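# Working through the structure, step by step
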Amino acid sequence: MKKPIKIAIADDHQMFREGLISRFKEYEELEVIFDVSNGVELLEQCKKRKPDVILMDLQMPEMDGFDATEKVIQKYPEINVLVVSTHNEETFIRHLLKRGARGFILKEQSTETIVDAVYSVLETGYYFNDNVTKAMLKGFLVQENVKPTFQKANLTQREMEVVRLMSKEYTTREIADKLFVSTRTIDGHKERILEKTKTRNAVGIIMYAIKNNLLEI
């Protein structure tokens, strides 16, 4: 029998914490080992028991989610921080990624979506909502005024070109037109990229590229 996934919840709304704990009881593979109302309490608890994933709110007293995320990652890099918040502004996403957060999800999402996010973080190292990720990438590549360039990896030059165009939010048809090939050829490239990067969708490919410096930011 597999060991349960250890979850910690950091949120200053007690009802939200209690609601998540109650719903997580439906999943035998998940175990909430502690819940806290601020970042200070979170760091104290992490000294005693280390969770696999922390569900982190942003607005908390004493120490907010931004500082708590940074401090947790510094002290315990093996812990995965998944931010669960009502705020999805691009600036927040960029700062959270830079501080080491592995994912972001809106509080309004279903329990099933949050559970999927937990599994994604553990399996692939990240989870980002598609819309939020696009906003974050736009902030990285446009608002920060940086130009993506590629480094050598296990992807071919053409596959890396496909990833570069994907990072600019071009559709499969638009990528095919730019590279003067068919959409079927681009779909084939994407399938091989997914296999090589061990990701599950277009967002995963782009996050993999950022994480592994295929897109040098």
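This text gives an overview of the structure that appears in the document. The structure presented is a predicted model; accordingly, all values stated were derived computationally and were not measured.

### Points about the pattern of salt bridges
Applying the stated criterion to the full structure yields 8 salt bridges. Linking Glu161 and Arg164 is a salt bridge whose minimum nitrogen-to-oxygen distance equals 2.4 Å. Taken together, the positions of Glu161 and Arg164, both in helix α7 (residues 157-167) and 3 residues apart, correspond to about one turn of that helix. For Glu161, a relative accessible area of 21% puts it in the partly exposed group. Beyond isolated ion pairs, a larger network of salt bridges with shared partners links Asp11, Asp57 and Lys107.

### A word on the pairing of strand β2 (residues 30-36)
Alignment of strand β1 (residues 5-10) against β2, held across 6 bridges, turns out to be parallel. What sits directly across from Ile5, in β2, is Leu30. This β-α-β element, β1 to helix α1 (residues 14-24) to β2, shows right-handed connectivity.

### Focus on the packing of α1 against helix α5 (residues 111-124)
Packed helices, taken two at a time, are described by the angle between their axes plus the distance between the axes. In the contact formed by α1 and α5, the axes pass within 11 Å of each other and the chain directions differ by 80 degrees. By the angle class used here, α1 and α5 are roughly perpendicular. When α1 is examined against α5, the residues Leu20, Arg23 and Phe24 are found in contact with a partner set consisting of Thr111, Ile114 and Val115. For the contact of α1 with α5, a count of residues per class yields 4 nonpolar, 1 polar and 1 charged.

### Details of the side chain of Arg17
With respect to the helices, strands and loops of the structure, Arg17 is situated in helix α1. Leaving out residues up to four positions away in the same chain, Arg17 has contacts with Ile9, Asp11, Asp12, Asp35, Val36 and Ser37.

### Comments concerning the pairing of strand β4 (residues 80-85)
Most of β4 sits inside the fold, with 6 of its 6 residues counted as buried. Neither face of β4 is exposed, since Asn80, Leu82 and Val84 on one face and Val81, Val83 and Ser85 on the opposite face are all buried. In the sheet, strand β3 (residues 53-56) pairs with β4 via 4 bridges, with the strands oriented parallel. Counterpart to Ile54 in the pairing with β4 is Val81.

### A look at helix α3 (residues 65-75)
Buried within α3 are the following residues: Gly65, Phe66, Ala68, Thr69, Val72 and Ile73. The buried side chains of α3 occupy one side of the element, clustering within an arc of 170 degrees when seen end-on. Counted as exposed and oriented over 90 degrees from the buried face of α3: Gln74 and Lys75. Regarding α3, its N-cap is Asp64, as a side-chain oxygen of that residue lies 3.1 Å from the backbone nitrogen of Phe66 further along.

### Topic: the packing of α7 against helix α8 (residues 172-179)
Contact geometry for α7 and α8: axes closest at 10 Å, N-to-C directions at 130 degrees. Regarding the angle of α7 to α8, the classification is oblique. The chirality of how α7 crosses α8 is right-handed. Contact residues: Arg158, Glu161, Val162, Leu165 and Met166 in α7; Ile175, Lys178 and Leu179 in α8. Partitioned by chemical class, the residues of the contact of α7 with α8 number 5 nonpolar, no polar and 3 charged.

How each quantity is defined
- Residues numbered from 1 in each chain as written.
- Predicted model: local features only at pLDDT ≥ 70, side-chain atom pairs only at ≥ 80, totals over all residues.
- Heavy atoms only, no water.
- Salt bridge = Lys/Arg side-chain N within 4 Å of Asp/Glu carboxyl O.
- Helix = DSSP H or I, 4+ residues; strand = E, 2+ residues; numbered from the N terminus.
- Buried < 20%, exposed > 50% of the residue type's maximum accessible area, 1.4 Å probe, protein only.
- Pairing = 2+ DSSP bridges.
- Right-handed = clockwise from strand over helix to strand, strands pointing away.
- Axes fitted to C-alpha atoms, helices over the stretch in contact; angles between N-to-C directions.
- Parallel < 35°, antiparallel > 145°, perpendicular 65-115°, else oblique.
- Contact = heavy atoms within 4.5 Å.
- Nonpolar A, V, L, I, M, F, W, Y, C, P; charged D, E, K, R; others polar.
- Arc of directions from axis to C-beta.
- Polar contact = N/O pair within 3.5 Å; in protein donor to acceptor, adjacent residues only side chain to side chain.
- Left-handed = near helix turned anticlockwise from the far one by under 90°.

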